[in-house]
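Coordinate inspection notes
Chain residues, written in single-letter form:
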Amino acid sequence: MTAPECRTPRFLAERLYGLALSDIRRMSRESDRVGAINLGQGICDLPTPPVVAGAAKAAIEANHSTYTYPEGNRALRDAIAGKLLRDNGIHANPETEIVVTLGATGAFATTVNALLNPGDGILVMEPYYGYHLNCSIVAGLEPQFLTLTPPRFTLTEETLRAALQPNTRALVICTPSNPSGKMFDRAELEVVARVAHERDLLIISDEIYEYIRFDGRSHISPATVGGLAPRTVSVMGLSKTFSITGWRLGYAVAPEPMAQAIALVNDLYYICAPNPLQYGVTAGFALPESYFAGLASDYQRKRDTLCDALQAAGTVPIVPQGAYYVLADISAWGFTSSTGAAMDLLERGRVASVPGSAFYRGTTGESLLRFCFAKDDESLAEGCDRIRRFDPRPRGTIR
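Conventions used here
Residues numbered from 1 in each chain as written. Predicted model: local features only at pLDDT ≥ 70, side-chain atom pairs only at ≥ 80, totals over all residues. Heavy atoms only, no water. Pairing = 2+ DSSP bridges. Helix = DSSP H or I, 4+ residues; strand = E, 2+ residues; numbered from the N terminus. Contact = heavy atoms within 4.5 Å. Axes fitted to C-alpha atoms, helices over the stretch in contact; angles between N-to-C directions. UniProt positions renumbered as here; feature names shortened; annotations may be inferred. Core = buried A, V, L, I, M, F, W, Y, C linked by side-chain atoms within 4.5 Å. Buried < 20%, exposed > 50% of the residue type's maximum accessible area, 1.4 Å probe, protein only. Salt bridge = Lys/Arg side-chain N within 4 Å of Asp/Glu carboxyl O. Left-handed = near helix turned anticlockwise from the far one by under 90°. Phe/Tyr/Trp six-rings, centres within 6.5 Å; stacked < 30°, edge-to-face > 60°. Expected span 1.5 Å × (residues − 1).

1. Notes on the sheet that holds strand β10 (residues 325-329)
- Read across the sheet, four strands follow the order β9-β10-β13-β12 without closing on themselves; strand pairing throughout is antiparallel. In this open sheet, the two strands that pair with only one neighbour each are β9 (316-318) and β12 (354-355).
- Pairing of β10 with strand β13 (residues 368-372), which is carried by five bridges, proceeds in the antiparallel orientation. Along β13, the bridge assignment pairs Tyr-325 with Cys-372.
- Along the sheet, helix α12 (residues 338-349) makes contact with β12 and β13, crossing β13 at roughly 45°.

Encoded structure:
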């Protein structure tokens, strides 16, 4: 058998057909290629809190370099349990109901593989986070869609029921949402609860941006609404809270039978999360409330700076309620595709964004770009200046 034969499509799993590296990752590569300011991928290159970095360094120096239990260090799970009770109103047994994972994406991947069967329907809301969709496809699930209308992205009982199919077994909620910044309110979550109980749905709630919220809004964990706790997996993480996206640390919270299944898959796929880094984030949970309040305040200031620049450039920013992304309507720029707009802004404006088509199946995303404001102030200011100066209609430009 020759090497070229080994690279033929017959060695590619059918469930991967049509999948490719996400536009989020692709635009980061393109950004590096041209030396642009990357407002595309949520890399979050802000400083890590010294107490978090210091605890991880101390763990390395103390040779805490062995495996942990698949569900994570007990000290970290104890800290998570305390945080869940204090900040989310969730009662979780650290011994049996918390699993530390390789990022929130690891928590999501282990959840769908542990709790759902190939052919089950999983409902995601548009605009969606591409990893929710593609991880579900790789797990053999049938993706189903509920499109929420900007700028409020309101969820109604009528639209939720209409999106369900006979084989729907799970619903994904992302709050605060990537990419829209939507935060689901209690009334919307009560709708979810009514329908989930009636249809016996699993709820997978991605809450990794829970501390990044604006204008005095409170974060509501779906597991605390309408008796959803017994059927909910809460997916949370540390990457955004402590600016450690490259550490890959998250966790899943669920009732014991589900959590134990998630821990089993976590062991099979990943063994455990990195041990020294678990020590680092454990120390982070002891940070004062002022740290988390300051996090939200700083990001709100960055949000407003970016939205002002986008508006000055002729777009219509959809001001987010939480998370650190802005979807901007670029219809006035005159491009026929979001990819064309993103590449023109990259090549000539030297600012990376993400095409809105990365978050929608159909044409809705073609008039949108997503921008990330998890940048240091100097980089964000320069990126905003470049956006303001960008001319989307140069003579001779081919769209």
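Next, the rest of the story.
2. Some thoughts on unusual backbone geometry
- Along the chain, Pro-150 connects to Pro-151 via a cis peptide bond; the corresponding omega equals 5°.
- For Pro-151, the position within the fold is in the loop between β4 (142-147) and α7 (157-163).
- The step from Asn-178 to Pro-179 runs through a cis peptide bond, and the omega angle for that step is 20°.
- Checked against the element boundaries, Pro-179 lands in the loop between β5 (168-174) and α8 (186-199).
- Positioned with a positive phi, Ile-271 is a non-glycine residue whose angle comes to about 70°.

3. Brief notes about the sheet that holds strand β7 (residues 232-237)
- Strand order in this open sheet of seven strands is β2-β8-β7-β6-β5-β3-β4, and the pairing throughout is mixed. Each end of this open sheet is capped by a strand with a single partner; those strands are β2 (98-101) and β4. For this sheet the average axis-to-axis angle between neighbouring strands, irrespective of direction, equals 25°.
- Across four bridges, β2 lies against strand β8 (residues 250-253) in antiparallel orientation. Its bridge partner being in β8, Thr-101 is matched across the sheet by Gly-250.
- Relative to β7, helix α5 (residues 103-115) is tilted by about 160°, and along the sheet it contacts β2, β3 (121-126), β5, β6 (202-206), β7 and β8.
- Against the sheet, helix α9 (residues 256-270) contacts β2, β6, β7 and β8, and its axis sits at roughly 25° relative to β2.

4. Side note on the UniProt feature "domain: Aminotransferase class I/classII large" (unreviewed entry) in the protein chain
- Mapped onto this numbering, the UniProt entry annotates "domain: Aminotransferase class I/classII large" (unreviewed entry) at residues 37-387.
- Secondary structure content for residues 37-387 is 40% helix and 16% strand, and the end C-alpha separation is 11 Å.

5. Some details on the nonpolar core
- Formed by 93 residues in total, the largest nonpolar core has its most connected members in Leu-84, Ile-122, Tyr-299, Leu-306, Tyr-324 and Phe-371.
- When residues in this core are grouped by element, the largest group, seven residues, is from helix α11 (residues 289-312).
- Each residue touching Leu-306, except ones within four places of it in the same chain, is listed here: Leu-39, Val-326, Phe-371, Cys-372, Phe-373, Cys-384 and Ile-387.

6. Regarding the pattern of salt bridges
- According to the stated counting rule, one finds 22 salt bridges in the structure shown.
- The residue Arg-33 makes a salt bridge to Glu-347 at a minimum N-O spacing of 2.5 Å. Remark: Glu-347 occurs in helix α12 and Arg-33 occurs in helix α2 (residues 23-34); sequence separation between them is 314 residues.
- Through salt bridges with shared partners, one network takes in Glu-157, Arg-161, Arg-194 and Glu-198.

7. Some remarks on the packing of helix α3 (residues 50-61) against helix α10 (residues 275-284)
- Running from N to C, α3 and α10 cross one another at 145°; their axes reach a closest spacing of 7 Å. The two elements α3 and α10 meet at a crossing, and its hand is right-handed. Across the interface between the two elements, Val-51, Val-52, Ala-55, Ala-56, Ala-59 and Ile-60 from α3 touch Pro-276, Leu-277, Tyr-279, Gly-280, Val-281, Ala-283 and Gly-284 from α10.

8. Considering the packing of aromatic side chains
- Under the defined criterion, the tally for this structure stands at 14 aromatic pairs.
- With a centroid separation of 5.9 Å and an interplanar angle of 85°, the aromatic rings of Tyr-269 and Tyr-270 are classed as edge-to-face.
- The exposure class assigned to Tyr-269 is partly exposed, which follows from its relative accessible area of 47%.
- For the ring pair Tyr-291 and Phe-292, a centre distance of 5.2 Å and an interplane angle of 85° mean the geometry is edge-to-face.

9. Thoughts on α11
- Taking 1.5 Å per residue, 24 residues should reach 34 Å; α11 reaches 35 Å between its end C-alpha atoms and fits that length.
- Among the residues of α11, those classed as buried are Phe-292, Leu-295, Ala-296, Tyr-299, Lys-302, Arg-303, Leu-306, Cys-307, Ala-309 and Leu-310.
- Against the buried residues of α11 lie α10, β9, β10, β13 and α13 (377-389).
- After α11 finishes, the residue Gly-314 shows a positive phi value of roughly 95°.

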